[in-house]
Amino acid sequence: MNKKQPLLEIKDLDVSFRTDKGTVRIVHGLNLTLEQGEIIGIVGESGSGKSVTSLSVMGLLPHPNGFISNGEILLDGRKISNLKEKEMRKLRGNEISMIFQEPMTSLNPVYTIGDQLSEPLKQHRKMTAKERKERIIEILNKVGIPRAEQIIHEYPHQLSGGMRQRVMISLAMLGEPKLLIADEPTTALDVTIQAQILDLIRRINKGKNTSVMLITHDLGVVAEICDKVAVMYAGEIVEYTDVRTLFDEPLHPYTQGLIASMPNMNERKGELYSIPGNVPKPTDLPIGCHFSTRCSFATERCRVEEPPSIKNGDHMVLCWLHTKEAMEAQPVEVKQEVGVNDGDQYAITS
Ligand SMILES: Nc1ncnc2c1ncn2[C@@H]1O[C@H](COP(=O)(O)OP(=O)(O)O)[C@@H](O)[C@H]1O
Ligand SMILES: [Mg+2]
């Protein structure tokens, strides 16, 4: 029997932008597979290419400057990268939907919530006005919006941030998409509301078997709801595995640094670890490993040669430290010592 076809496959994806400094590659050699019903987290600091990746899947790269310069994206086995805009528009809202960090930018301030939710129903389905209203109230109730009958007559600015995000989610779910892309959906919200929205996303995933690509800079969010996780750094996936393995056995020094920076990983108040330095600009990438400038394990080789992608089953890491030769030559466990922040950020324990 053939292996079940994944819902989404991203193969060797490169995304570039034409800028006044020439063409700059933003995303490089990205590979990712998402099965039906899975939640994948894409995590990394700001500027690592997470949003550009999600916009490529949505066919929403800024035209004509942003473009896919290599590789392909398949949805249900069908190539969707570089589809004509007309074809892509049929997919958006139906097969794939997206929600963003700030719902105010995606909701139209001059239309009521009811009118905005009616629009996609008018376009795609033959429904009477009454049926539309019923459907809208039903979906608003499902996403946990109280007083839906009243809310449909209100404008976005009359709602709280959390309620607006719920409206965005209901808008995204109207077409019952197979894939929901959520780009920092809870970043603008306070912690309690954040937990409610994550819970809602999980309920949608479980209830409808909707696959979710959740983009976040926050590993806490990943730990909360994701099945798999891709850690992105400077345009590349540097580690890819299931969530449990990521937290139990992080291999990449960058992943270890992210885990060590999680607030609850460090009990001593006010001594939160942070990875030294910043994500390099795409125009200014180090040769060799992109993380080598911030990695305290970096060797000469790391600084000059691009690291290989090393796979152990479904666990992938892009790092010279984990080649067979490196492991044999120096059989030490590379591990971030959590809780230490005295300038000596990394420690090797055997
Ligand atoms: N329209 C654009 N033109 C040129 N560069 C861009 C454009 N959009 C994003 N970038 C660059 O791509 C890189 C990745 O951005 P982004 O995907 O937004 O990062 P993330 O979502 O991980 O914070 C950044 O260096 C950003 O400056
Ligand atoms: Mg982003």
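Here we summarise the structure given alongside this text. This is a predicted model, so every value here is computed, not measured.

Next up on the list: the pairing of strand β9 (residues 228-233). Most of β9 is tucked away, with six of its six residues classed as buried. What you see with β9 is no split at all: Lys228, Ala230 and Met232 on one side and Val229, Val231 and Tyr233 on the other are buried throughout. Direction of pairing for strand β3 (residues 39-43) relative to β9: parallel, over a ladder of four bridges. When the bridges of β9 are listed, Ile42 appears paired with Ala230. Here six bridges tie β9 to strand β10 (residues 236-242), and the two strands are oriented antiparallel to one another. Bridging from a neighbouring strand, Met232 pairs with Ile237 of β10. The loop that links β9 with its antiparallel partner β10 comprises two residues; one of these, Ala234, has a positive phi angle of about 45 degrees.

What follows concerns the sheet that holds strand β2 (residues 22-34). In spatial order, the strands read β2-β1-β4-β5; together these four strands make up an open sheet with antiparallel pairing. In the strand order of this sheet, the two ends are held by β2 and β5 (78-79), each with one partner. Of the pairings in the sheet, the one linking strand β1 (residues 8-19) to β2 comprises nine bridges and is antiparallel in character. Bridge pairing in β2 links Phe17 to Val24. Sheet strands touched by helix α1 (residues 50-58): β1, β2 and β4 (66-75). Its angle to β2, the strand with the most contacts, is close to 75 degrees.

With respect to the helices and strands, Leu285 occurs in the loop between α11 (253-260) and α12 (300-304). Between the C-alpha atom of Leu285 and that of Gly235, which follows or precedes it by 50 residues, the distance is 9.9 Å.

Our focus in this paragraph is the nonpolar core. Core analysis: the biggest nonpolar cluster contains 83 residues, and Ile40, Met213, Leu214, Ala230, Val231 and Ile237 have the highest contact counts within it. The residue makeup of this core includes at least three contributed by each of domain 1 (104-176) and domain 2 (267-349). Those residues in contact with Met213 that lie beyond four places of it in its chain are Leu34, Ile40, Ile42, Ser54, Leu179 and Ile181.

Next up on the list: the site of ligand 1. Surveying the vicinity of ligand 1 reveals 16 residues, the closest of which are Phe17, Ser46, Lys50, Ser51 and Val52. Among the elements that line the shell around ligand 1, the one with the most residues is α1, at three residues. Looking at the shell around ligand 1 residue by residue, the class counts come to five nonpolar, nine polar and two charged.

This brings us to the sheet that holds strand β7 (residues 179-183). The sheet built from eight strands is open, its strands ordered β6-β7-β8-β3-β9-β10-β12-β11 with mixed pairing. Only two strands of the sheet have a single neighbouring strand rather than two, namely β6 (96-99) and β11 (309-312). Looking at each pair of strands side by side, their axes are set apart by 20 degrees on average, direction ignored. Seen against the sheet, α11 touches β9 and β10 and runs at an angle of roughly 105 degrees to β9.

Where helix α7 (residues 161-173) meets helix α8 (residues 191-208), the closest approach of the two axes is 10 Å, and the angle between their N-to-C directions is 15 degrees. The angle between the axes of α7 and α8 places the two elements in the roughly parallel class. Handedness of the α7/α8 crossing: right-handed. Across from Gly162, Gln165, Arg166, Ile169 and Met173 in α7, the residues of α8 making contact are Ile193, Gln196, Ile197, Leu200 and Ile204.

Rules used in this analysis
Residues numbered from 1 in each chain as written. Chains lettered and ligands numbered in written order. Predicted model: local features only at pLDDT ≥ 70, side-chain atom pairs only at ≥ 80, totals over all residues. Buried ≥ 20, exposed ≤ 12 C-beta atoms within 10 Å, placed from the backbone. Helix = DSSP H or I, 4+ residues; strand = E, 2+ residues; numbered from the N terminus. Pairing = 2+ DSSP bridges. Contact = placed C-beta atoms within 7 Å. Axes fitted to C-alpha atoms, helices over the stretch in contact; angles between N-to-C directions. Core = buried A, V, L, I, M, F, W, Y, C linked by C-beta atoms within 7 Å. Domains from an automatic or database assignment. Near = placed C-beta within 6 Å. Nonpolar A, V, L, I, M, F, W, Y, C, P; charged D, E, K, R; others polar. Parallel < 35°, antiparallel > 145°, perpendicular 65-115°, else oblique. Left-handed = near helix turned anticlockwise from the far one by under 90°.

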